[in-house]
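Survey of secondary and tertiary structure
If you want the building blocks of each chain, they are given just below.
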Amino acid sequence: MASQYQVVLYGASGYTGKLAAWKLAERGIPFIAAGRNADRLKAEMAKIPELEGHDYQCVGVEHNRASLAELFKGRQVVLNVVGPFMQLGEPVVQAALDAGCHYFDTTGETDWMLYLQKEYAGAFARKELALCPANSYMWTEGAIAAEIALETPGIDSLDLMYYGDSQISVASTMSFLRMCTKPMYYLKGGELVQWPWAQAYDVMVPGVHRILKGMPWGGAGEPVWYHGDPRVKNCQVLFALGNQDMMMAVLDVLKNFEKDHRNLDAAAQEQVTNAIGQQITQVEPPRENPEVHRALVSCQARGNTQSVSVILRGSCAYSQTGVFAAEAAQRVLGKQLKAVGFGSGARILGARQLLAAQADEGYLSWEVKHQ
């Protein structure tokens, strides 16, 4: 296979994969669109108008370590968008490590993040490779806001909230249901503490007059990123949907899970959350509309006497995830990584750099206030 393809987009035929392909094409980055079914890949790539005339190649590959490692051999970076990641991700990570590739994915599953940190962080660091799960709207955007807040000396506590009116893809629905039924953590005094199961909390959203309900939504990635970081003692994250009827419906699903399925073994629980997810979202949504699918991340940060408010206002969370993926590829190819080993996109690619990339595409603006 031609050596000009230094980027592998694995899972390119899915909803998020197609958005990442679009953003790679915008940057003029040749790539391999990989997945288990070459015919489906070709059909789905043909639906992306921005790929017309772009240099890419569709490759079918079996989903196992050896086959993937052979495909990744000689490449520089793997962008993995195949989830749920705790169910499907490990052969991809192993193959990237075997082939000497930087690894980025779009997970929202914090148990997957913790698993990668425990099992693979050292091996990737020794090879000077990036291991970056959740290089996506969730949980990179909150890390960007947090890093901006942490530029102020003395800040050590981060209270974050994601808010949005977003449509949800098929794979994302299965991922968020499974992650909301796994242990969810916040950071208190430098230690990870588990949130209660299936519980909602009142939240205040900047620019919204109503008091809304939010949930930990898997606990979020930011407590994972900052666990062990000497700058941060406390970090908690909640998530709220503008569609509160949907939010309450998800809460009911989680309460029913506690009542009916908590006693099942882990494999059976995975089958349950997959089945529920497939019932909730059965077809992929169209591309987002920035006039409808708006989002906000708020970081209220404190120190002993200092406080900082960072608000990121934007739209099209899935398209932003496509930008994060393409930025990762571009910065790997340009040898512009800020760090290697396990870490957030904000740490490895640069918080200010990612903020600028999203702003350049019209997806994001920001406001910082010191109080």
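Residues numbered from 1 in each chain as written. Predicted model: local features only at pLDDT ≥ 70, side-chain atom pairs only at ≥ 80, totals over all residues. Heavy atoms only, no water.

Thoughts on the overall build of the protein
When helices and strands are counted, the protein shows 13 helices and 16 strands. Here the protein has a C-alpha radius of gyration of 19 Å; the compact-globule value for 371 residues is 21 Å, and the two agree. Looking at the 371 residues of the protein, the share that counts as buried comes to 58%. Taking the contacts inside the protein whose residues are at least 6 apart along the sequence as the reference set, 75% of them involve residues at least 24 apart. For the protein, the accessible area works out to roughly 15,100 Å², and carbon and sulfur atoms hold 49% of it. (Helix = DSSP H or I, 4+ residues; strand = E, 2+ residues; numbered from the N terminus. Rg over C-alpha atoms; globule rule 2.2 N^0.38 Å. Buried < 20%, exposed > 50% of the residue type's maximum accessible area, 1.4 Å probe, protein only. Contact = heavy atoms within 4.5 Å. Areas by Shrake-Rupley, 256 points an atom, 1.4 Å probe, with all protein chains shown as cover.)

Remarks on the packing of helix H12 (residues 317–333) against helix H13 (residues 345–360)
Interaxial distance between H12 and H13 falls to 10 Å at its minimum, and their mutual angle equals 125°. When the interaxial angle is binned, H12 and H13 end up oblique. With respect to the hand of their crossing, H12 and H13 are arranged in right-handed fashion. Note on element contacts: H13 touches H12 through Leu349, Gln353, Leu354, Ala357 and Gln358, opposite Gln320, Val323, Phe324, Glu327, Ala328 and Arg331. Here the contact of H12 with H13 is composed, by residue class, of six nonpolar, three polar and two charged. (Axes fitted to C-alpha atoms, helices over the stretch in contact; angles between N-to-C directions. Parallel < 35°, antiparallel > 145°, perpendicular 65-115°, else oblique. Left-handed = near helix turned anticlockwise from the far one by under 90°. Nonpolar A, V, L, I, M, F, W, Y, C, P; charged D, E, K, R; others polar.)

Focus on the pairing of strand S1 (residues 7–10)
Of the two faces of S1, both are covered, the one formed by Val7 and Leu9 as well as the one formed by Val8 and Tyr10. For S1 and strand S4 (residues 77–80), the ladder comprises four bridges, and the chain directions are parallel. Along S4, the bridge assignment pairs Leu9 with Leu79. Pairing of S1 with strand S2 (residues 31–35) involves three bridges; the strand directions are parallel. If you follow Leu9 over to S2, its bridge partner there is Ala33. In this view, the connection linking S1 to its parallel neighbour S2 by way of helix H1 (residues 15–26) has right-handed handedness. (Pairing = 2+ DSSP bridges. Right-handed = clockwise from strand over helix to strand, strands pointing away.)

Side note on the pairing of strand S7 (residues 157–164)
Judged by how many residues are buried, S7 sits mostly within the fold: seven of eight residues are covered. Two elements, S7 and strand S12 (residues 234–241), share eight bridges in a ladder whose sense is parallel. By the bridge assignment for S12, Gly164 is matched with Leu241.

Here's the deal with the environment of Glu90
Within the secondary structure, Glu90 is located in helix H5 (residues 90–99). Through-space distance from the C-alpha of Glu90 to that of Tyr137 is 22 Å; in sequence the pair is 47 residues apart. A distance of 2.7 Å separates a polar atom in the side chain of Glu90 from a polar atom in the side chain of Tyr115. (Polar contact = N/O pair within 3.5 Å; in protein donor to acceptor, adjacent residues only side chain to side chain.)

As for the nonpolar core
Tyr103, Trp139, Leu158 and Trp217 are the most contacted members of the largest nonpolar core, which has 120 residues in total. With residues up to four places along the chain from it excluded, the contact list for Leu158 reads Ala146, Leu150, Tyr226, Val232, Asn234, Cys235, Gln236, Cys299, Gln300 and Ala301. In terms of nonpolar packing, the next biggest core, distinct from the first, is built from 12 residues, Met184, Trp195, Val203 and Leu238 among them. (Core = buried A, V, L, I, M, F, W, Y, C linked by side-chain atoms within 4.5 Å.)

Observations regarding the sheet that holds strand S15 (residues 341–342)
Spatially, S3-S2-S1-S4-S5-S6-S15 is the arrangement adopted by the seven strands of the open sheet, whose pairing is parallel. Single-partner strands in this sheet number two, and they are strand S3 (56–60) and S15. Bridge analysis of strand S5 (residues 102–105) against strand S6 (residues 130–132) gives two bridges, and the strand direction is parallel. Counterpart to Tyr103 in the pairing with S6 is Leu131. Sheet contacts for H12: S1, S4 and S5; angle to S4, the most-contacted strand, approximately 175°.

With respect to helix H2 (residues 38–45)
Along H2, the residues that are buried comprise Leu41, Glu44 and Met45. Seen along its axis, H2 keeps its buried residues to an arc of 95°; they face one direction. If you follow the buried residues of H2, they end up packed against H1, S2 and S3. Capping of H2 at its N-terminal end is provided by Asn37; its side-chain oxygen lies 3.0 Å from the backbone amide nitrogen of Asp39. (Arc of directions from axis to C-beta.)

So, the pattern of salt bridges
What the rule picks out here adds up to 22 salt bridges. Its salt-bridge partner being Glu367, residue Lys369 comes within 3.9 Å of it at the nearest N-O pair. Owing to a relative accessible area of 26%, Glu367 belongs among the partly exposed residues under this scheme. (Salt bridge = Lys/Arg side-chain N within 4 Å of Asp/Glu carboxyl O.)

Let's talk about helix H11 (residues 266–280)
Between its terminal C-alpha atoms H11 stretches 21 Å, which fits the 21 Å expected from 15 residues at 1.5 Å a residue. Buried within H11 we find Gln269, Glu270, Val272, Thr273, Asn274, Ile276 and Gly277. With a side-chain oxygen lying 3.3 Å from the backbone nitrogen of Ala267, the N-terminal cap of H11 falls on Asp265. (Expected span 1.5 Å × (residues − 1).)

Comments concerning unusual backbone geometry
Each neighbour pair has its own omega, and for Gly83 with Pro84 the value is 0°, a cis peptide bond. With respect to the element layout, Pro84 can be found in the loop between S4 and helix H4 (85–88). Cis rather than trans, the peptide bond between Met138 and Trp139 has omega equal to 20°. With respect to the element layout, Trp139 can be found in helix H7 (residues 137–149). At Ala134, a residue that is not glycine, the phi angle is positive and equals roughly 60°. Mapped onto the secondary structure, Ala134 falls in the loop between S6 and H7.

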